[in-house]
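This is what each chain is made of:
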Amino acid sequence: LDKPILADIFAYAPHQENQENLENIPFSLEKQPDMMYAIENKDLSQNKQINPAVAGNEITIPLTFAHVLSLLESNITLKNEDYNHPDGNNPGLGYKLHSIKVQKGNTEASSGTPLYYKGAMNAITGNLHSLESVESFSLHSQYLRVTYPEKYNHQIISYMYLIPAEPADDDYVFSFTFEGELGESPITLPSKFYLKKEHLKHGSSDTYGFKPGFKYTFNFI
């Protein structure tokens, strides 16, 4: 009798060509990948030792994907489109989002939590490792899933993936840059957003920080 060839099924996303080591899936935040793994990967009783040659039967392969990054949603409302000037009210800047910059804080309140930009995912356990930190990075709107809802006037919604961390007050600082009017250079708002630890509190619990699989929504005017 022919001995059946049994298969173990593993899954993660997004798929990478020619990547054979499931415990070391490299990624960076540059193009904002939504890194996920199937929780069945680490379960020895699910999707393992499957005989694909069983005649007449369809084999169900359950795959439950879990996110390993954190998602930051920014809702931006442009309250004043024009600037006030004695000569008249003229357009102040474009309301198209160009990019968002994240940098490490350098204030006395900052504790120096690393700002991670790249690393690797273990697609078996979902753990992240080999994390590399930077002083700052900028993410272009092309990768921030930016939308401009028609039902709101001058509202911008963007989504940014971040590597989980537990920043303290002022560890992370955000800057927003918008497209200039009539082909002018992009304009960065002078006001920066200094992230506070309290902003990342999970409900009434004692849990703080960017956690994998959670979305954090911030509203800016």
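Above this text you will find the structure in question.
Worth saying up front: this structure is predicted, and the values here are computed from it rather than measured.

J.: So what exactly am I meant to see when it comes to the overall build of the protein chain here?
T.: When helices and strands are tallied, the protein chain shows 0 helices and 16 strands. For the protein chain, whose C-alpha radius of gyration is 22 Å, the value lies well above the compact-globule estimate of 17 Å for 221 residues. Overall, the C-alpha framework of the protein chain stretches about 90 × 40 × 35 Å when taken along its three principal axes. The buried share of the protein chain, reckoned over its 221 residues, is 38%. Taking the intrachain contacts of the protein chain between residues at least 6 apart in sequence as the baseline, contacts between residues at least 24 apart amount to 69%. Carbon and sulfur atoms form 48% of the exposed surface of the protein chain, whose accessible area is close to 13400 Å². A gap of 4 Å separates the mean positions of the 17 positive and 27 negative side-chain charges of the protein chain.

J.: Looking at this structure, I do not really get the side chain of Asn 41. What am I missing?
T.: Topologically, Asn 41 is positioned in the loop between strand S3 (36-38) and strand S4 (65-67). Overall, Asn 41 belongs to the buried group, its relative accessible area being 3%. Looking at Asn 41, its side chain comes within polar contact range of the main-chain oxygen of Ala 11, at 2.8 Å. Apart from the residues lying within four places of it in its own chain, the contact partners of Asn 41 are Ile 9, Phe 10, Ala 11, Lys 48, Ala 123 and Ile 124.

J.: Explain the pairing of strand S9 (residues 116-121) here, please?
T.: Walk down a regular strand and you will see the side chains alternate between the two sheet faces. Pairing analysis gives 4 bridges linking strand S2 (residues 25-28) to S9, with the strands arranged antiparallel. Residue pairing across strands places Ser 28 opposite Lys 118, the latter belonging to S9. Strand direction decides the pairing type here: S9 and strand S10 (residues 128-133), joined by 4 bridges, are antiparallel. Residue pairing across strands places Tyr 116 opposite Ser 133, the latter belonging to S10. What sits between the antiparallel neighbours S9 and S10 is a turn of 6 residues, in which Gly 126 has the positive phi angle 85 degrees.

J.: Before we go on, may I ask you to explain the nonpolar core in this structure?
T.: Ranked by internal contacts, the top residues of the largest apolar core, which has 40 residues, are Met 160, Phe 174 and Phe 176. Put simply, the parts of the chain that give this core at least two residues each are S2, strand S5 (70-77), strand S8 (97-104), S9, strand S11 (136-140), strand S12 (155-162), strand S13 (172-178) and strand S16 (215-220). The dominant element in this core, judged by the number of residues it contributes, is S12, at 6 residues. Not counting the four nearest positions on each side in its chain, Phe 174 is found in contact with Leu 72, Ile 100, Lys 101, Val 102, Met 160, Leu 162, Lys 192, Phe 193 and Leu 195.

J.: Got a minute to help me understand the packing of aromatic side chains in this structure?
T.: Two aromatic rings, taken as a pair, are described by how far apart their centres are and by the angle between their planes. Tallying each qualifying case throughout the model produces 8 aromatic pairs. Ring geometry for Tyr 117 against Phe 137: centres 5.0 Å apart, planes inclined by 40 degrees, an arrangement best described as tilted. Here the residue Tyr 117 occupies a position in strand S9, and Phe 137 occupies one in strand S11, the gap between them amounting to 20 residues. By relative accessible area, which is 5% here, Phe 137 ends up buried. With centroids separated by 6.5 Å and ring planes inclined at 15 degrees, the aromatic side chains of Phe 218 and Phe 220 adopt a geometry described as stacked. For the pair shown, Phe 218 and Phe 220 are each scored as buried. Taken together through their ring pairs, the aromatic side chains of Phe 174, Phe 176, Phe 193, Phe 218 and Phe 220 make up a single cluster. Above the face of the Tyr 159 ring, Arg 145 is positioned so that its terminal group lies 4.7 Å from the ring centre. When the ring centre of Tyr 208 is taken as origin, the NZ or CZ atom of Lys 197, which lies over that ring, is 4.7 Å away.

J.: How should I be thinking about the environment of His 15 in this particular structure?
T.: Topologically, His 15 is positioned in the loop between strand S1 (12-13) and S2. C-alpha of His 15 to C-alpha of Lys 3: the two residues are 12 residues apart in sequence and 31 Å apart in space.

J.: Sorry if this is basic, but what is going on with the sheet that holds S4 here?
T.: Adjacent strands of a sheet form backbone hydrogen bonds with each other and so pair up, either parallel or antiparallel. A sheet is described by the order of its strands in space; here 3 strands give the open sequence S1-S3-S4, paired in antiparallel fashion. Bordering the open sheet on either side are S1 and S4, each of which pairs with just one other strand. When S1 meets S3, the two strands line up antiparallel, connected through 2 bridges. Bridged to Ala 13 within S3 is Met 36.

Cut-off values and rules
Numbers given to residues run from 1 along each chain, matching the order in which its sequence is written. Totals for whole chains, interfaces and linings use every residue, but because this is a predicted model, local features are given only for residues with pLDDT of at least 70 and side-chain atom pairs only at 80 or more, for both listing and counting. Side-chain descriptors were evaluated using all non-hydrogen atoms of the structure, hydrogens and water having been removed beforehand. Elements are defined by DSSP. Helices are runs of H or I of four residues or more, strands are runs of E of two residues or more, and each kind is numbered from the N terminus. Within these notes, the globule rule equals 2.2 Å times the number of residues to the 0.38 power, and the radius of gyration is based on C-alpha atoms. The cut-offs for exposure are 20% and 50% of the maximum accessible area for each residue type, with area from a 1.4 Å probe on protein chains only; residues under the lower value are buried, those over the upper are exposed, and the others partly exposed. Any two residues whose heavy atoms approach within 4.5 Å at even a single point are treated as in contact. Residue burial considers only the protein chains on display, and all accessible areas are found by Shrake-Rupley using a 1.4 Å probe. The charge count treats Lys and Arg as positive and Asp and Glu as negative. His and the chain ends do not count. Where a charge lies is defined by one atom per residue type: Lys uses NZ, Arg uses CZ, Asp uses CG and Glu uses CD. Distance and chemistry together define a polar contact, namely a pair of N or O atoms within 3.5 Å, with one atom able to donate a hydrogen and the other to accept it when in protein, and with adjacent residues in sequence counting only for side-chain atoms on both sides. Any two strands with at least two DSSP-identified bridges between them are counted as paired. Definition used in this section: a nonpolar core is a set of buried Ala, Val, Leu, Ile, Met, Phe, Trp, Tyr and Cys residues joined via side-chain atoms within 4.5 Å. For Phe, Tyr and Trp, rings pair up if their centres lie within 6.5 Å, where Trp contributes its six-membered ring, and each pair is then called stacked (planes under 30 degrees apart), edge-to-face (over 60) or tilted (otherwise). We call a charge positioned above a ring when the Lys NZ or Arg CZ atom is no farther than 6 Å from the ring centre and deviates by at most 35 degrees from the ring normal.

Coordinates in, geometry out; function isn't part of it.
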